[in-house]
Every structure is written in structure tokens, then in C-alpha cells.
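Residue strings, one per chain:
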Amino acid sequence: MNDILKLTITELIEKLKTREVRSVDVTKAALERIKERNDSINAYITICEEEALKQAAISDQKLDDGEAGLLEGVPLGIKDLFCTKGIKTTAASKMLAEFIPPYESTVTQKLLDQGAIFLGKLNMDQYAMGGSGETSFFGNTVNPIKQEENLTAGGSSSGSAAALADFQCFGATVSDTGGSVRQPASFTNTVGFRPTYGRCSRFGMVSFASSLDQAGFMARSVEDTALMFQVASGYDEKDSTSADVAVEDYTSTLNDMNVKGLKIGLPKEYFIDGVDPKVKAIINAKVEEFKAAGAQIIDISLPHTKYAVPTYYIVAPAEAAANLSRYDGMRYGVRVEGENLDDTYAKSRSAGFGWEVKRRVMVGNYVLSSGYYDAYYTKAQKVRNLISQDFHNAFESVDVIFAPTTPELPFALGGKIDDPIAMYLCDIFTVSSALAGIPCISVPSGHTAEGYPVGLQILGKAFDDAKVLQAAKIAQDMNK
Ligand code: GLN
């Protein structure tokens with residue numbers, strides 16, 4: 001492998017600026033790496049060779065002309081649920097296997113505007129529903145860390161995480177509905193950031209659960225994550241849920257946090273018996289390091305945490321059922337002709353959706369049905385408020401909250417796929433913050449003696465994105 005692929009985005013940008021390396025060469029090296037590895041890792045659904053090389057040549061020219069954007073010439077991967085104009089966008093489903101969007105998502109457009117190169121579209125759980133990458137219509141992604149063990153790279157951003165850990169891209173745009181950025185980051189020793197809900201536009205992202213979906217960013221360093229985030233965030237009139245709040249400078253303020261006196265909350269509900277002791281040990285060691293550096297560690301409680309998984313698995317499927325009703329075989333997506341209109345709907349949906357998507361659509365329609373709406377959906381919304389309130393209360397006395405990203409180490413492909421409850425329970429530490437819409441990040445924090453990576457999760461108040469990134473930067477620097 002060409003060593004250049006191991007650089008972080010920030011390092012690469014320096015070398016591109018001085019013209020020590022050229023974007024075309026870096027892009028070629030990345031494409032070669034992808035082609036060499038895709039049969040075994042399966043991180044990419046679509047490889048955009050021609051477009052990427054064309055973009056890279058333009059970037060090199062811009063660099064020569066002194067017109068470089070903030071990400072000029074940097075090759076990224078795009079999770080396959082961001083609509084990319086003229087490039088297949090499948091959401092890893094059979095339903096959209098041939099879908100070519102006529103428009104570009106806002107997040108990817110902002111990255112393109114700053115000169116980013118798109119290497120291809122990354123594998124994921126179908127419609128982002130899953131936590132292991134195994135619901136993809138395009139096959140499983142293999143975790144490149146300990147490849148021989150055939151472990152999951154997490155999900156739903158399985159391909160993004162694997163591509164980064166395997167040096168098949170320098171950064172990736174991802175999405176997080178209930179943990180899809182953070183858990184794969186933890187499983188692959190990468191950084192995964194979920195910004196405050198509404199901080200980035202959802203326009204052009206294939207919808208899963210609209211009140212939870214948020215664009216996120218994954219990279220091999222906190223600096224890189226902050227840079228992509230800065231470029232891609234901001235209000236967008238095309239998304240009425242995007243926040244009309246000024247974008248801060250997340251990159252130049254990255255070192256501004258003083259760890260002395262930093263108040264870190266440790267929620268007792270996140271350090272329970274079910275957490276793998278090896279995960280707990282690594283997180284505790286990190287907390288000790290912060291303490292030694294002068295941070296104040298405060299025990300807190302988020303008492304409604306135990307209701308988060310059931311609440312999420314009512315709210316998310318309910319919204320998914322509504323969102324996915326648009327796939328009726330009429331305008332786009334798979335169409336199977338039936339005997340009449342209803343039959344065409346049923347046949348098209350049956351053929352286009354995978355089993356996990358069908359399960360969620362059925363659960364969603366059930367909890368929204370007239371006889372059960374109040375008992376499930378309305379109640380879940382009330383509990384969601386209580387969960388948000390827990391965080392609100394906690395942030396009265398702490399600056400940030402530390403927790404494990406996931407209760408367990410990367411598990412084997414096939415290990416949980418037949419047990420949806422076991423799979424859903426893995427989301428226990430990531431769904432509460434998604435329900436509350438607050439910013440959170442998973443940052444590499446060490447390895448077990450056997451070499452499995454563990455991510456520390458850092459959570460902050462809504463719109464405290466800068467603070468979350470700053471704390472993550474400190475955590476990252478402690479690893480050195
Ligand atoms: N694992 C969770 C789910 O299956 C989260 C997915 C996501 O964030 N997109 O719903």
C-alpha cells in the first residue's frame with residue numbers, strides 16, 4: 001500500500017498545498033487500494049473511478065492557481081444514502097439498487113464546493129437500519145481490524161468505518177439515527193461524530209427516521225472530523241428542521257479547552273454489569289487520565305436510560321414506516337406489476353425491501369395504528385421528553401458526559417443477526433443522545449490485550465458541538 005494513504009486529511013492538505021503530492025496521484029492510490037481490497041472488505045457499493053480522477057485533475061489545477069477550497073483534492077467516501085447527482089444512490093437496498101438521483105444532497109454539495117473528491121459510495125445497513133452492516137443488499141462488510149476473525153465493522157455505517165480503518169479513503173460522510181456513526185467508529189478505532197440535530201441539512205439524505213436522522217462525519221482524527229463538519233454544516237432552507245444558528249469555527253478552536261476544572265459527568269446507568277469488563281477498564285483508564293490532568297469527575301444519573309432502547313424502537317420504526325411509504329413502485333425504485341394497483345404496491349414493496357426493513361415497517365405501522373397509537377407512540381414520545389430532560393438536568397452541573405460508546409467489543413458477523421433483541425440492545429448507549437438530539441462523538445481510547453479497539457463516547461449539550469470536539473481532541477492527544 002502507498003504510505004500516502006495513511007495520512008490524515010490535515011496532513012494530506014499540507015502536502016497538497018506544497019505540491020509535495022498531487023491529488024491525481026493520491027486519488028489513483030486510493031482507487032487502487034479500494035479495488036485491491038473490495039472483494040474481501042466490501043466497503044464500497046459503487047466506485048467512482050472516472051469522476052474521482054476528473055475531480056482530482058480539477059483540484060490540482062485549482063491548487064496551482066491558488067484557488068483551493070478547504071478540502072481541495074482530498075479523497076472522501078460517501079455513505080450510500082447521500083444523494084449524489086448522476087451517481088447511483090442505493091441506501092444498500094434492492095429497492096434503490098438502480099436509482100440515480102437527479103440532484104445532490106446539501107452536505108455532499110458543500111464538500112464538493114470546497115474541493116473534496118468522491119471516491120465512491122460506501123456500504124451500509126439497508127436504509128441505515130442495523131448495527132452490523134449485515135442488512136445490506138450488497139453483502140456484509142468485514143472489519144479490517146483482525147480481518148481473519150470475520151468481525152462486523154459495526155453499523156449502519158459499516159462501509160465508512162471499514163474504508164477508513166483500511167485506508168481506502170481519508171474521511172467519510174455518514175449518518176446517525178441511533179448510533180450509526182459512533183458504534184462503527186468504536187469498532188474500527190476511528191473517530192465518529194454526530195452533531196447536534198439540525199446542525200447539518202438532511203436535504204438529499206435518504207430518510208430513515210426524520211426526527212432522529214443526522215448527518216455525521218468519520219475520520220482518522222478529531223481534526224479531520226471537525227474540518228469536514230465545519231464545511232458541511234449550516235442552515236439550509238431546503239430542510240425546515242435545519243437550525244438557523246451560526247456555524248462556529250470548529251477547527252481553529254479545537255485546542256481551546258482547558259482540561260483543568262473541566263467537569264465530566266459519569267452516568268451510573270452507562271457503567272452497568274452488562275458492559276464488557278474490558279470495555280469498562282479502558283474507559284475507566286481514560287477517565288483517570290482526565291482526572292490526573294485536572295478534570296473534575298462527577299457521578300451523575302440519567303434515570304430514564306433504561307427506557308431508551310424501547311422508546312427508540314417505537315419512534316424510529318414509526319417514522320420509518322411513514323417515510324418508506326413513498327416506495328410504492330410508482331415513481332422510482334423497484335416495480336413489480338400486480339393484478340391491480342394494490343397488488344402492484346404490495347409486490348413492489350415485497351420485492352424491494354429486505355427483511356429488517358420489513359420488520360420495522362410492520363412494527364411502525366402497528367404502533368401507529370388507531371388502536372395502539374396512544375399506548376405505544378404517544379407514550380414513547382412522552383418518555384423521549386423525559387430522556388431529553390435527564391440530559392438537560394445533567395448539563396446544569398457538568399460540561400460534558402463520558403461513557404462507553406457501546407457495551408461490547410466488535411462481534412462476529414452472523415453472531416447476532418438471528419436475534420433482533422440482542423442486536424437492538426447493542427444500541428443502549430447511543431440511542432438516548434439521538435432521542436435528545438445532542439452532539440456526541442466516539443473517539444479511539446485504546447485496545448484490549450487481544451487488540452480490539454474501544455471508543456470513548458463524549459456527549460455535550462445541544463449546540464455545544466465545539467466543546468464535544470475539543471474534549472475529544474484532548475482524549476485523542478492522550479493516546480499519543
Ligand atoms: N442500530 C440502530 C438501528 O438499527 C441505529 C441505526 C442508525 O443510527 N442509523 O436503528
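Residues numbered from 1 in each chain as written. Predicted model: local features only at pLDDT ≥ 70, side-chain atom pairs only at ≥ 80, totals over all residues. Heavy atoms only, no water.

Section: the packing of helix H7 (residues 222-232) against helix H15 (residues 465-478)
Helix-helix packing is characterised by the crossing angle of the two axes and by the distance between the axes. It is the contact of H7 with H15, at a shortest axis distance of 9 Å, that shows an interaxial angle of 160°. Between H7 and H15, the interaxial angle falls into the category roughly antiparallel. Seen along the crossing, H7 lies across H15 with a hand that is left-handed. Contacts between H7 and H15 involve Val222, Glu223, Ala226 and Phe229 on the former and, on the latter, Asp465, Leu469, Ala472, Lys473 and Gln476. For the contact of H7 with H15, a count of residues per class yields five nonpolar, one polar and three charged. (Axes fitted to C-alpha atoms, helices over the stretch in contact; angles between N-to-C directions. Helix = DSSP H or I, 4+ residues; strand = E, 2+ residues; numbered from the N terminus. Parallel < 35°, antiparallel > 145°, perpendicular 65-115°, else oblique. Left-handed = near helix turned anticlockwise from the far one by under 90°. Contact = heavy atoms within 4.5 Å. Nonpolar A, V, L, I, M, F, W, Y, C, P; charged D, E, K, R; others polar.)

Details of a nonpolar patch on the surface
Together, Tyr366, Tyr372 and Tyr376 give the surface a local cluster of nonpolar side chains, amounting to about 280 Å² of exposed area. If you trace the backbone, Tyr376 turns up in helix H12 (residues 373-394). (Patch = residues over 30% accessible without salt bridge, like charges linked within 9 Å, V, L, I, M, F, W, Y side chains within 5 Å. Areas by Shrake-Rupley, 256 points an atom, 1.4 Å probe, with all protein chains shown as cover. Salt bridge = Lys/Arg side-chain N within 4 Å of Asp/Glu carboxyl O.)

A few points about the sheet that holds strand S7 (residues 263-267)
Whether parallel or antiparallel, the strands of a sheet pair through hydrogen bonds between backbone atoms. Spatially, eleven strands are ordered S1-S3-S2-S4-S6-S5-S10-S11-S9-S7-S8 in an open sheet, and the strand pairing comes out mixed. The open sheet has two edge strands with one neighbour each: strand S1 (44-47) and strand S8 (296-300). Direction aside, neighbouring strands of the sheet carry axes that sit 30° apart on average. Here strand S2 (residues 75-79) pairs with strand S3 (residues 117-122) via five bridges, running parallel. Each bridged residue has a counterpart across the sheet, and for Pro75 the counterpart in S3 is Ile117. (Pairing = 2+ DSSP bridges.)

Section: empty space enclosed by the protein
In this structure the tally under the stated criterion is three cavities of 30 Å³ or more. Reported here for the largest cavity is a volume of approximately 120 Å³. Along the walls of the largest cavity sit 16 residues, with Gly130, Gly178, Ser180, Tyr312 and Asp427 positioned nearest its centre. Contributing to the lining of the second largest cavity are 14 residues, with Trp355, Glu356, Arg359, Ile417 and Met423 lying nearest its centre. Contributing elements (two or more residues each) for the lining of the second largest cavity: helix H11 (355-368) and helix H13 (420-425). (1 Å grid on protein atoms, 1.4 Å probe; cavity = no way out; pocket = protein on both sides within 12 Å on 5 of 7 lines; lining within 4 Å. Points joined across faces, edges and corners; volume = space filled by probe spheres on them.)

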